[in-house]
Amino acid sequence: NAGVTQTPKFQVLKTGQSMTLQCAQDMNHNSMYWYRQDPGMGLRLIYYSASEGTTDKGEVPNGYNVSRLNKREFSLRLESAAPSQTSVYFCASRNIWSGNTIYFGEGSWLTVV
Amino acid sequence: DQQVKQNSPSLSVQEGRISILNCDYTNSMFDYFLWYKKYPAEGPTFLISISSIKDKNEDGRFTVFLNKSAKHLSLHIVPSQPGDSAVYFCAASAQQGSTLGRLYFGRGTQLTVWP
C-alpha cells in the first residue's frame, strides 16, 4: 500500500544548487500539498494544487516552485537553495470532495550547507 | 498570523491517566477540524476529526471536543499509553471560500506518556 511516495528521503545540497523533490500518490486524490516542518513551527504550507492543472501559494512559497505534472504527481523545486531551506518536507494529498483527511508521505530531509 | 494555535508545546502524563491536548483557532470560517499524530522520522498520520455540526466525536480511546463559541477544541486520550508518545498537531479547514482545500496546522504538542 504505497499511498503518498516522495523522493529523495535525504539530500544534502550546497548553497545555490537546485533540486526537485518528487511526490506521487496512488489514491486518485485531486488535491496535493507540499509542507515544510521546522522545529517549533509546526507544518507550514508551501504550495498546494487543489486540482490537476492548478497551483496556489501557501504560507511560505518564496524560493520554491511547483509543478502538478498530472493527477498523480506534484513536484517541488528549489531553484537556488539557501540554508534557510534546510527542513523536513512533506508531500500530502486528499480528495477534497469526499473528505477532509490529508494523507502524508514519509518526509524528505533536506540540508543546505 | 497563526490561525490555529496549540499553546502547550509539551505535555507529560503518567500511563493510564488522561491526556488532554488543547487547540484554539481564530477563523470563524473553519468548519472541520482534525488531529494528526507524528512519530519521529515519519509523516503525520490522521487520528480523528470533527465537523462543526458536532461537539464531540469519539474513536476508541480518543475523543475530540469542539466548543465553537470559544473557538476551542481538545483531544482526550483515555487511558494514555506509552505508545501514544508523539507530537500531536491540530488542524482546521473551511469547506467554503477562497481557502477551500487548505488545512491550517498548529505548531504541535509533544506528548510524553511515562510508565
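Residues numbered from 1 in each chain as written. Chains lettered and ligands numbered in written order. Predicted model: local features only at pLDDT ≥ 70, side-chain atom pairs only at ≥ 80, totals over all residues. Heavy atoms only, no water.

1. Some points on the nonpolar core
Judged by nonpolar contacts, the single largest core of 25 residues is most densely connected at Phe30(B), Phe33(B), Trp35(B), Leu73(B), Leu75(B) and Tyr88(B). At the level of elements, β3 (19-25), β4 (32-38), β5 (45-51), β7 (62-67), β8 (72-77), β9 (86-93) and β11 (109-114) of chain B are the ones that each hand at least two residues to this core. Broken down by element, this core gets its largest block of residues, four residues, from β9(B). If you look at the next biggest cluster of nonpolar residues, it comprises 19 residues, including Met32(A), Ile46(A), Tyr47(A) and Cys91(A). (Core = buried A, V, L, I, M, F, W, Y, C linked by side-chain atoms within 4.5 Å. Buried < 20%, exposed > 50% of the residue type's maximum accessible area, 1.4 Å probe, protein only. Helix = DSSP H or I, 4+ residues; strand = E, 2+ residues; numbered from the N terminus.)

2. Here's the deal with the sheet that holds strand β7 (residues 64-68) of chain A
All names here are of chain A. Reading across the sheet, the four strands line up as β1-β3-β8-β7 and stay open at both edges, with antiparallel pairing between neighbours. The open sheet terminates on both sides in strands that have one partner only, identified here as β1 (4-7) and β7. In this sheet, adjacent strand axes meet at a mean angle of 15° when their direction is disregarded. Bridge analysis of β7 against strand β8 (residues 74-78) gives five bridges, and the strand direction is antiparallel. From the neighbouring strand, Arg-68 faces β8, where its bridge partner is Phe-74. (Pairing = 2+ DSSP bridges. Axes fitted to C-alpha atoms, helices over the stretch in contact; angles between N-to-C directions.)

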